[in-house]
Amino acid sequence: MRTTNWLFSSRFWMGLIVLALVCFPFVSGSRGALILLTQIFVYAVFAMSYDILLGYTGIISFGHVMFFGIGAYTTALFLDRWEHTFLSFLVSLAVVLLLTGIVSYLIGALTLRLKSHFYAMLTLAVSGLFLVLAEKWRDVTKGSDGFTFQIPDLLRDRTSLYFAALAFMLVMYLLLKRFTESPVGKVLQAIRENEQRTESLGYQVLHYKIIASVVAGLAAGLSGSMYAIALRFVNTAVFGINVTLDALLMTIIGGVGTLVGGVVGAAMILLVHAGLTDLAKVHWIFERWMVFFGALYILAVMFFPQGIVGTLRQWRTKLGKG
Amino acid sequence: MDVLLNLAINGIATGSLIFLLAAGLTLIFGLMHVLNFAHGALFAWGAYFGVWMYANTGSFLAGILGAIVIGGLFGWLLERFFVQPVYGNAMAQIQVTMGLLLVLNELIKVFFGPNQLSVQAPEYLDESWLVGSVVLIKYRLFVIAVGVLVFLGLQYMLKRTRLGLIVRAGVMNKEMVQALGINIKKVFLHVFMLGAGMAALGGMLFAPYAGVIHADIGMDYGILAFIVVVIGGMGSIVGSALAALLVGVLGALMAFYVPSLSLAVNMLLMFAVLLFRPAGLLGR
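Remember, it's a predicted structure, so these values are computed and weren't measured experimentally.

## Notes on the overall build of chain A
When helices and strands are counted, chain A shows 14 helices and two strands. In summary, chain A has a C-alpha radius of gyration of 20 Å against a globular reference of 20 Å for 322 residues, a match within 12%. Principal-axis analysis of the C-alpha atoms places the extent of chain A at approximately 60 × 50 × 45 Å. The buried share among the 322 residues of chain A stands at 44%.

This is the structure:
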């Protein structure tokens, strides 16, 4: 043990960042920054849920957004049609868990027995179906115009919403971390490393993959609920393929299989996005920010597969030894 | 009866277009197990670039040639610089080609503007014949004819030429072909370019057929082509042709009788095939 060890401890840095985030609303008066950070927290949970699939189990889904969309619409409809109280919000969360649980189980059970190619394609197709459904069912979803709704008084204030989102992210992080370190989580990582070997060790691979799919689906559903609350508005864009791709990008840039990478990635992408949106006033090319993100994404997959957190960890191991 | 016949011709024409897209996809997958998500973007690029050529030269034929050339060129670029470096890594392949789909789609908006373009068929294809009480639209018959020609050409290439022999052998056993001293990567590059060219041709033919093109057609038709490839069986050209006709005709019928279900039907068809016959109708 050397005296500088705390510098390399991720726990120390995480604690520091959380402390800074807790203090932030008291220090800064910027409303925009508060809103942006709230969004980062919500997207971070969505990216972490994606990491359970991509990073921990080695499954690529192009339809993860369907759980996000189900969560967003369920909460929005409960608050809009029933009453905008905290109780109604809690009930909507329970319904979100139930719905996403059922959908993720069914999709997992039906399609996870297929090879990764088919799974990627099928999830893309199914989420496309959800998008079409949402657009056709205008009575309920109001189509791409969407609808606004009131949120519980408890969360109405931007600062309390900020703290709720921060707490939500931290709790989800701890829960998912616990999940990945559980015996089930270890089996999932074994599947990622070598599916055949895991199977020959006597594990029912399909069974574990379905568990991963359900856990990821539940977490994504909750993040969708929080997204709706944070925006106080919902439209069919919450079923858009680009939301899945955002999560994919965040997970890859942050670092797959690290969980905290989802948080780092979400922060990176949303900050860069905000910056590019400002730049759009300077030159129209920045309006097509998808080009930059897409290029970044391709390059990251090809040359930077470990992501930010993975690379940092590698440096730490090197420095720690040196 | 006339309605049914018209719908059938409509469906077969759509099927021909989807076939042009699916044929490359299925060959690329069959040979190298690369699932090219960017294939739909080549379709859209073919449409936009071809229409641009057509508008600037005034010749429809030049548009078609331009589309095929840009498709082949993109195929070469994609294969050489993006797909080849990640061979054997299925996860990376899926992700890289998905990223390419995004970038290429967005680049269309950069180069050709974000609004949809309307396209007219050239005069000599814009008429229709009246046979009895059935209206035969020339352009649809033209699309069907091109589809059939490409199908026959592909069959000839696969069954009668040396390249086709290598491709068929590669689909069966890639390692064995390599062991016999054939550079399968080079063959694959050619197949990829061929597939890309066909996709771009499909896009160009689609433009006057639909009347308008927008940047999202790549994604929409890419998904349809995937459905077709899955239903027909990965790697089977004949399977893709049959499935494309099935999807095209079924889509036309559904769009007429139960429009709200037209997309769902294709998905359900794919689900059924995947659950009961994962290898596809004609897959091995």
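## Things to note about the overall build of chain B
Each helix and strand in chain B was counted, giving eleven helices and four strands. In summary, chain B has a C-alpha radius of gyration of 18 Å against a globular reference of 19 Å for 284 residues, a match within 12%. Counting only C-alpha atoms, chain B reaches 60 × 45 × 35 Å along its principal axes. A total of 284 residues make up chain B; the buried ones form 50% of that total.

## A word on the interface of chain A and chain B
Each side of the interface is counted separately: chain A has 28 residues, and chain B has 31 residues. For the side of chain A that touches chain B, the elements supplying multiple residues, two or more each, are helix H5 (116–136) and helix H13 (289–303) of chain A. Per-element accounting of the side of chain A that touches chain B gives the leading share, twelve residues, to H5(A). Of the residues in the side of chain A that touches chain B, the class split is 21 nonpolar, five polar and two charged.

## Let's talk about the packing of helix H3 (residues 60–83) of chain B against helix H8 (residues 184–210) of chain B
Between two packed helices, both the angle of their axes relative to each other and the distance between the axes serve to describe the pair. Residues and elements named next belong to chain B. Viewed as axis vectors pointing N to C, H3 and H8 meet at an angle of 140°, and their least axial separation amounts to 7 Å. One element, H3, and the other, H8, form an angle in the oblique class. Crossing of H3 over H8 shows right-handed handedness. Contacts from Gly63, Ile64, Ala67, Ile68, Ile70, Gly71, Gly72, Phe74, Gly75, Trp76, Glu79 and Arg80 in H3 reach Leu189, Phe192, Met193, Gly195, Ala196, Gly197, Ala199, Ala200, Leu201, Gly203 and Met204 in H8. Residue composition of the contact of H3 with H8, grouped by class: 14 nonpolar, seven polar and two charged.

## Focus on the environment of Val91(A)
All names here are of chain A. Within the secondary structure, Val91 sits in helix H4 (residues 86–111). Here Val91 falls in the partly exposed class, since 15 other C-beta atoms lie within 10 Å of it. A C-alpha to C-alpha distance of 42 Å links Val91 and Leu279, two positions 188 residues apart in sequence.

## A closer look at the environment of Leu25(B)
Residues and elements named next belong to chain B. Residue placement: Leu25 occurs in helix H1 (residues 2–32). The class of Leu25 is buried, set by 25 C-beta atoms lying within 10 Å. As for Leu25 and Ser240, which are separated by 215 residues in sequence, their C-alpha atoms are 9.5 Å apart. Excluding residues within four positions of it along the chain, Leu25 makes contact with Asn36, His39, Gly195, Ala225 and Val229.

## Brief notes about the confidence of the model for chain A
Close inspection of predicted coordinates is inappropriate in any region flagged by low pLDDT. Confidence along chain A averages 85 in pLDDT terms, with 95% of residues attaining 70 or more. Of all secondary-structure elements in chain A, the lowest mean pLDDT belongs to helix H14 (residues 307–321) of chain A, at 79, while helix H10 (residues 205–231) of chain A reaches the highest, 93.

## Some words on the packing of helix H3 (residues 65–82) of chain A against H4(A)
All names here are of chain A. It is at 9 Å that the axes of H3 and H4 come closest, and there the two elements cross at 150°. Relative to H4, H3 is oriented roughly antiparallel. In the crossing of H3 with H4, the sense of the turn from one axis to the other is right-handed. Residue-level inspection shows Met66, Phe67, Ile70, Gly71, Thr74, Thr75, Phe78, Leu79 and Trp82 of H3 in contact with H4, the latter providing Ser88, Phe89, Val91, Ser92, Val95, Val96, Leu99, Thr100, Val103 and Ser104. Its residues assigned to classes, the contact of H3 with H4 shows twelve nonpolar, seven polar and no charged.

Definitions and cut-offs
Residues numbered from 1 in each chain as written. Chains lettered and ligands numbered in written order. Predicted model: local features only at pLDDT ≥ 70, side-chain atom pairs only at ≥ 80, totals over all residues. Helix = DSSP H or I, 4+ residues; strand = E, 2+ residues; numbered from the N terminus. Rg over C-alpha atoms; globule rule 2.2 N^0.38 Å. Buried ≥ 20, exposed ≤ 12 C-beta atoms within 10 Å, placed from the backbone. Contact = placed C-beta atoms within 7 Å. Nonpolar A, V, L, I, M, F, W, Y, C, P; charged D, E, K, R; others polar. Axes fitted to C-alpha atoms, helices over the stretch in contact; angles between N-to-C directions. Parallel < 35°, antiparallel > 145°, perpendicular 65-115°, else oblique. Left-handed = near helix turned anticlockwise from the far one by under 90°. pLDDT = per-residue confidence, 0-100.

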